Amino acid sequence: MRFDIVTIFPEFFGVLDVSLLGRARRDGVLELGVHDLREWTHDRHRTVDDTPYGGGAGMVMKPEPWGEAFDALLGPEDGPPSDALVIFTTPAGVPFTQSLARELATESRIVFACGRYEGIDARVAEHVATRARVLEVSLGDYVLNGGEVAAMAMIEAIGRLVPGVVGNPESLVEESHEDGLLEHPSYTKPRVWRGLEVPEVLRGGNHAAVDAWRRAEALERTRRVRPDLLPGGDSPL
Ligand code: ADE
């Protein structure tokens with residue numbers, strides 16, 4: 001699977017060299033291309049933003065550098081459609097969830113467009129949609145300074161679901177959100193630590209009892225912390 005990222009802060013993505021995703025890249029399971037949007041500017045100041053039509057605070061990202069970036073990454077605007085999926089990271093997008101991550105992990109190529117300031121001129125997404133599939137995706141209901149951290153979080157969540165990235169695929173199914181519930185608590189040795197003992201059921205070797213305990217703990221935790229995840233559940237706030 002290949003990720004391309006267009007950003008004015010390519011150095012943000014250095015963290016993708018480390019840990020599991022870094023190894024997956026070195027193993028050739030994941031490919032990553034990080035592109036500086038300013039490479040597609042032509043003025044002395046390498047300008048990427050301008051004042052908004054209609055007034056208001058803040059700046060809007062200009063369409064021209066984005067247009068050239070997409071021509072370079074998806075092919076010429078009058079060429080054949082691209083099979084890449086283009087994701088614009090924006091707090092105004094659909095929420096990023098584990099089930100969306102699972103769907104996205106089946107793509108062969110995703111291009112992330114990281115907006116800054118008050119976002120990207122709206123014609124850019126409209127134009128890209130004429131030759132590629134486009135999704136506007138939000139990391140959550142809060143505002144970041146730009147889409148870079150959002151893209152990075154999404155790449156990590158999607159990338160680890162790509163076969164071959166996480167060594168033991170079993171570990172992927174036993175996590176929070178994979179079955180719609182929060183994960184049960186986990187323990188390791190020693191049996192007693194600072195006076196706190198690991199629950200007895202986990203030490204007894206009865207797998208059915210362990211499964212039942214974990215399920216009950218997951219349900220209890222979800223009910224307490226995230227009742228909104230349960231059918232008919234209320235918001236925790
Ligand atoms: N850019 C700024 N805030 C964002 C968010 N919550 N999700 C995605 N991109 C963003």
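As a starting point, this report considers the structure included with it. Since the structure is predicted, the reported quantities are computational estimates derived from the model, not experimental observations.

### Quick word on the site of the ligand
Then, in step 1: In the region of the ligand, 13 residues are neighbours, and Thr90, Leu139, Gly140, Tyr142 and Leu144 sit closest.
Then, in step 2: Gly140 places a polar main-chain atom, nitrogen or oxygen, 3.2 Å from a nitrogen atom of the ligand.
Then, in step 3: Notes on the ligand: free accessible area 260 Å², of which the protein chains cover 96%.
Then, in step 4: When residues of the shell around the ligand are traced back to their parent elements, those giving at least two are β5 (85-95) and β7 (133-138).
Then, in step 5: Ranked by residues supplied to the shell around the ligand, first place goes to β5 with 3 residues.
Then, in step 6: Of the residues assigned to the shell around the ligand, the class counts are 7 nonpolar, 6 polar and no charged.

### So, the pairing of strand β6 (residues 109-114)
Then, in step 1: Most of β6 is tucked away, with 6 of its 6 residues classed as buried.
Then, in step 2: Inspection of the sheet shows strand β1 (residues 2-7) paired to β6 by 5 bridges, in the parallel sense. Within β6, the position partnered with Asp4 by the bridge is Val111.
Then, in step 3: Where β5 lies against β6, 5 bridges are found, and the strand directions are parallel. The partner of Val86 across the bridge, within β6, is Val111.
Then, in step 4: Taking the sense of rotation as the criterion, the β-α-β connection linking β5, helix α3 (residues 98-104) and β6 turns out right-handed.

### Quick look at the packing of aromatic side chains
Then, in step 1: Scanning the model with the defined rule gives 4 aromatic pairs in all.
Then, in step 2: Each ring, one from Phe9 and one from Phe12, has its centre 5.8 Å from the other, and the planes form 45°; the classification is tilted.
Then, in step 3: The class of Phe9 is partly exposed, set by a relative accessible area of 27%.
Then, in step 4: Chaining the aromatic ring pairs together yields one cluster made of Trp66, Phe70 and Phe88.

### Considering helix α1 (residues 19-26)
Then, in step 1: Among the residues of α1, those classed as buried are Leu21, Gly22 and Ala24. Axial view of α1: buried residues confined to an arc of 160°, hence all on one face. Turned more than 90 degrees from where α1 packs its buried face, Ser19 and Arg26 sit exposed.
Then, in step 2: Where the residues of α1 are buried, they touch α5 (148-159).
Then, in step 3: Within two residues after α1, Gly28 carries a phi angle of roughly 80°, on the positive side.

### A few points about empty space enclosed by the protein
Then, in step 1: One pass over the full model with this rule turns up 1 cavity of 30 Å³ or more.
Then, in step 2: Put simply, the largest cavity is a space of about 40 Å³.
Then, in step 3: In terms of lining residues, the largest cavity is bounded by Phe3, Leu16, Leu21, Arg25, Leu30, Glu31, Leu32 and Ile155.
Then, in step 4: Secondary structure elements with two or more residues in the lining of the largest cavity: α1 and β2 (31-36).
Then, in step 5: Split into classes, the residues belonging to the lining of the largest cavity amount to 6 nonpolar, no polar and 2 charged.

### Considerations on the sheet that holds β2
Then, in step 1: Reading across from one edge, β2-β1-β6-β5-β7 is the order of the 5 strands in this open sheet, with parallel pairing throughout. Every other strand in the sheet has two partners, leaving β2 and β7 as the edge strands with one partner each. The average undirected angle you get between the axes of adjacent strands in this sheet is 25°.
Then, in step 2: By the bridge criterion, 6 bridges tie β1 to β2 in an arrangement that is parallel.

### A few points about the pattern of salt bridges
Then, in step 1: Applying the stated criterion to the full structure yields 15 salt bridges.
Then, in step 2: Here Asp4 makes a salt bridge to Arg2, at a shortest N to O gap of 2.8 Å.
Then, in step 3: According to the relative accessible area criterion, Arg2 is partly exposed, its value standing at 25%.
Then, in step 4: Asp4 is the salt-bridge partner of Arg109, the closest N and O atoms lying 2.9 Å from each other. With a gap of 105 residues between them, Arg109 in strand β6 and Asp4 in strand β1 connect regions that are remote in the sequence. Comparing Arg109 with Asp4 shows no difference in burial state: the two are buried.
Then, in step 5: Beyond isolated ion pairs, a larger network of salt bridges with shared partners links Arg2, Asp4, Glu31 and Arg109.

Conventions and cut-offs
- Residues numbered from 1 in each chain as written.
- Predicted model: local features only at pLDDT ≥ 70, side-chain atom pairs only at ≥ 80, totals over all residues.
- Heavy atoms only, no water.
- Near = heavy atom within 4 Å.
- Polar contact = N/O pair within 3.5 Å; in protein donor to acceptor, adjacent residues only side chain to side chain.
- Areas by Shrake-Rupley, 256 points an atom, 1.4 Å probe, with all protein chains shown as cover.
- Helix = DSSP H or I, 4+ residues; strand = E, 2+ residues; numbered from the N terminus.
- Nonpolar A, V, L, I, M, F, W, Y, C, P; charged D, E, K, R; others polar.
- Buried < 20%, exposed > 50% of the residue type's maximum accessible area, 1.4 Å probe, protein only.
- Pairing = 2+ DSSP bridges.
- Right-handed = clockwise from strand over helix to strand, strands pointing away.
- Phe/Tyr/Trp six-rings, centres within 6.5 Å; stacked < 30°, edge-to-face > 60°.
- Arc of directions from axis to C-beta.
- Contact = heavy atoms within 4.5 Å.
- 1 Å grid on protein atoms, 1.4 Å probe; cavity = no way out; pocket = protein on both sides within 12 Å on 5 of 7 lines; lining within 4 Å.
- Points joined across faces, edges and corners; volume = space filled by probe spheres on them.
- Axes fitted to C-alpha atoms, helices over the stretch in contact; angles between N-to-C directions.
- Salt bridge = Lys/Arg side-chain N within 4 Å of Asp/Glu carboxyl O.

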